Amino acid sequence: MLAQAASVLARRVSRERLERVGALALRLVMPAARGDRFECPICGGRFRWLIPYGHGPVRRNALCPRCLALERHRLLWLYLEERTDFFAAAKRVLHVAPEPCFVERFRALHGDGYVTVDLRMSRADVLADILRLPFADESFDVAICNHVLEHVDDDIRALRELHRVLARRGWAILQSPVDRTRGETYEDATIDSPHGRARAFGQWDHVRIYGLDYGARLAQARFDVVEDDFVSTLPPAAVARYALPTDERVFVCTKR
């Protein structure tokens with residue numbers, strides 16, 4: 001019952017409101033959730049269940065009650081640990097639409113070099129549009145943009161801005177939901193109502209559904225793109241324990 005109630009709360013409030021207010025309510029369920037079936041690699045919490053979550057079909061065991069990490073956040077954390085030097089030395093990092101499970105941990109690592117940016121999120125360091133980033137060329141070594149581009153009308157322009165602000169040999173992790181049953185991305189600019197977008201794209205604030213050409217779209221901004229099926233390299237026991245998404249590839253983009 002507690003898991004269901006927490007799930008209803010998590011899905012009915014906006015993400016930012018959940019982070020600011022709902023987090024306190026969600027954390028009230030932690031004593032009931034404690035156990036050893038699941039582990040969050042970000043906060044180290046251990047639970048017998050995670051909170052169900054999803055704007056469409058509800059995903060069981062999705063949301064960490066302690067740090068609010070979702071499946072994709074746990075996957076990204078593990079990828080950064082195992083496949084990059086992100087945790088090895090301080091870098092200049094641009095984080096678009098920063099998730100609360102990461103912010104303080106990344107800031108502790110990278111100090112003043114860590115900059116968060118968002119169009120509306122009041123807790124971001126810089127309020128700005130990803131289409132017009134207020135940073136000089138080659139300002140950052142790393143950019144993280146996690147499930148953002150599906151919300152952006154002109155995603156190619158946004159990608160070119162990210163490419164512009166990355167240093168030479170800089171790299172970015174640019175994640176978006178990808179429908180692997182589609183060969184090509186589906187978008188229609190004439191669908192501009194929340195109801196129409198929810199029906200067409202699965203969520204009221206999405207403007208497209210990416211297909212298998214997602215990597216090719218990233219390359220249009222002059223990135224060298226590696227599509228890494230990282231989760232398939234992990235032991236099945238780890239995938240289950242960390243409650244990771246089995247269908248999400250990691251897109252690592254290096255500035256040419």
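Refer to the structure presented above.
On a predicted model such as this, the values are computed, not experimentally measured, just so you know. (Residues numbered from 1 in each chain as written. Predicted model: local features only at pLDDT ≥ 70, side-chain atom pairs only at ≥ 80, totals over all residues. Heavy atoms only, no water.)

Caption draft 1: Inspection of the packing of aromatic side chains at higher detail. This model, assessed by the stated rule, comprises 12 aromatic pairs. Here phenylalanine 86 and phenylalanine 87 contribute two aromatic rings whose centre-to-centre distance is 5.3 Å and whose plane-to-plane angle is 90 degrees, an arrangement assigned as edge-to-face. The exposure class of phenylalanine 87 is partly exposed, given its relative accessible area of 25%. For the ring pair tyrosine 214 and phenylalanine 251, a centre distance of 4.7 Å and an interplane angle of 90 degrees mean the geometry is edge-to-face. Pair noted here: tyrosine 214 is in helix α8 (residues 214-219) and phenylalanine 251 is in strand β13 (residues 250-255), with a separation of 37 residues, a long-range link. An identical accessibility class is assigned to tyrosine 214 and phenylalanine 251; each is buried. Following the ring pairs from residue to residue traces out a cluster consisting of Trp77, Phe86, Phe87, Phe102, Phe106 and Tyr114. (Phe/Tyr/Trp six-rings, centres within 6.5 Å; stacked < 30°, edge-to-face > 60°. Buried < 20%, exposed > 50% of the residue type's maximum accessible area, 1.4 Å probe, protein only. Helix = DSSP H or I, 4+ residues; strand = E, 2+ residues; numbered from the N terminus.)

Caption draft 2: Highlighting helix α4 (residues 71-83). End to end, α4 covers 18 Å across 13 residues, agreeing with the expected 18 Å (1.5 Å per residue, within 8%). Considered for burial, the residues of α4 that qualify are Glu71, His73, Arg74, Leu75, Leu76, Trp77, Leu78, Tyr79 and Leu80. (Expected span 1.5 Å × (residues − 1).)

Caption draft 3: Quick peek at the layout of surface pockets. Of the voids in this model, the second largest pocket is the one considered here, and its volume is about 190 Å³. If you list the elements that add at least two residues to the lining of the second largest pocket, you get β1 (34-39), β4 (59-63) and α9 (236-241). Sorting elements by how many residues they give to the lining of the second largest pocket places β4 first, with 3 residues. Taken together, the residues of the lining of the second largest pocket sort by class into 6 nonpolar, 1 polar and 4 charged. (1 Å grid on protein atoms, 1.4 Å probe; cavity = no way out; pocket = protein on both sides within 12 Å on 5 of 7 lines; lining within 4 Å. Points joined across faces, edges and corners; volume = space filled by probe spheres on them. Nonpolar A, V, L, I, M, F, W, Y, C, P; charged D, E, K, R; others polar.)

Caption draft 4: Main features of the nonpolar core. Grouped together as the largest cluster of nonpolar side chains are 46 residues, with contacts concentrated most on Ile42, Cys67, Leu80, Phe86, Phe106, Ile173 and Leu244. At 6 residues, the largest contribution of residues to this core is made by α4. Those residues in contact with isoleucine 173 that lie beyond four places of it in its chain are Leu76, Tyr79, Leu80, Ala143, Ile144, Cys145, Val250, Phe251 and Val252. Judged by nonpolar contacts, the second largest core, of 31 residues, contains Val96, Ala128, Phe135 and Leu162. (Core = buried A, V, L, I, M, F, W, Y, C linked by side-chain atoms within 4.5 Å. Contact = heavy atoms within 4.5 Å.)

Caption draft 5: Up close: empty space enclosed by the protein. Within the structure shown, the criterion is met by 1 cavity of 30 Å³ or more. For the largest cavity, the calculated volume is near 40 Å³. Along its surface, the largest cavity is lined by Arg72, Leu75, Leu76, Asn146, Ile173, Gln175, Glu248 and Val250. Residue assignment for the lining of the largest cavity shows that the elements contributing at least two residues are α4 and β9 (166-175). The leading source of residues in the lining of the largest cavity is α4, at 3 residues.

Caption draft 6: Fine view of the sheet that holds β9. Sheet architecture is open: 7 strands sit in the order β7-β6-β5-β8-β9-β13-β12, paired in mixed fashion. Single-partner strands in this sheet number two, and they are β7 (126-127) and β12 (223-228). Where α4 meets the sheet, its contacts fall on β8 (140-146), β9, β12 and β13, and the angle it forms with β8 comes to roughly 155 degrees. (Pairing = 2+ DSSP bridges. Axes fitted to C-alpha atoms, helices over the stretch in contact; angles between N-to-C directions.)

Caption draft 7: The arrangement of the pairing of β1 in detail. Alignment of β1 against strand β2 (residues 46-47), held across 3 bridges, turns out to be antiparallel. What sits directly across from phenylalanine 38, in β2, is phenylalanine 47. What sits between β1 and β2 in their antiparallel hairpin is a turn of 6 residues, with glycine 44 showing a positive phi close to 80 degrees.

Caption draft 8: Focus on the pairing of strand β6 (residues 114-118). With 5 of its 5 residues buried, β6 lies for the most part within the structure. Going residue by residue along β6, you find Tyr114, Thr116 and Asp118 tucked away on one face and Val115 and Val117 tucked away on the opposite face as well. Where strand β5 (residues 93-96) and β6 come together, 4 bridges link them in parallel fashion. Looking at the pairing, valine 93 lines up with tyrosine 114 of β6. As a crossover connection, the stretch from β5 through helix α5 (residues 100-110) into β6 is right-handed. (Right-handed = clockwise from strand over helix to strand, strands pointing away.)

Interpretation note: all reported values are geometric properties and have no functional meaning in isolation.
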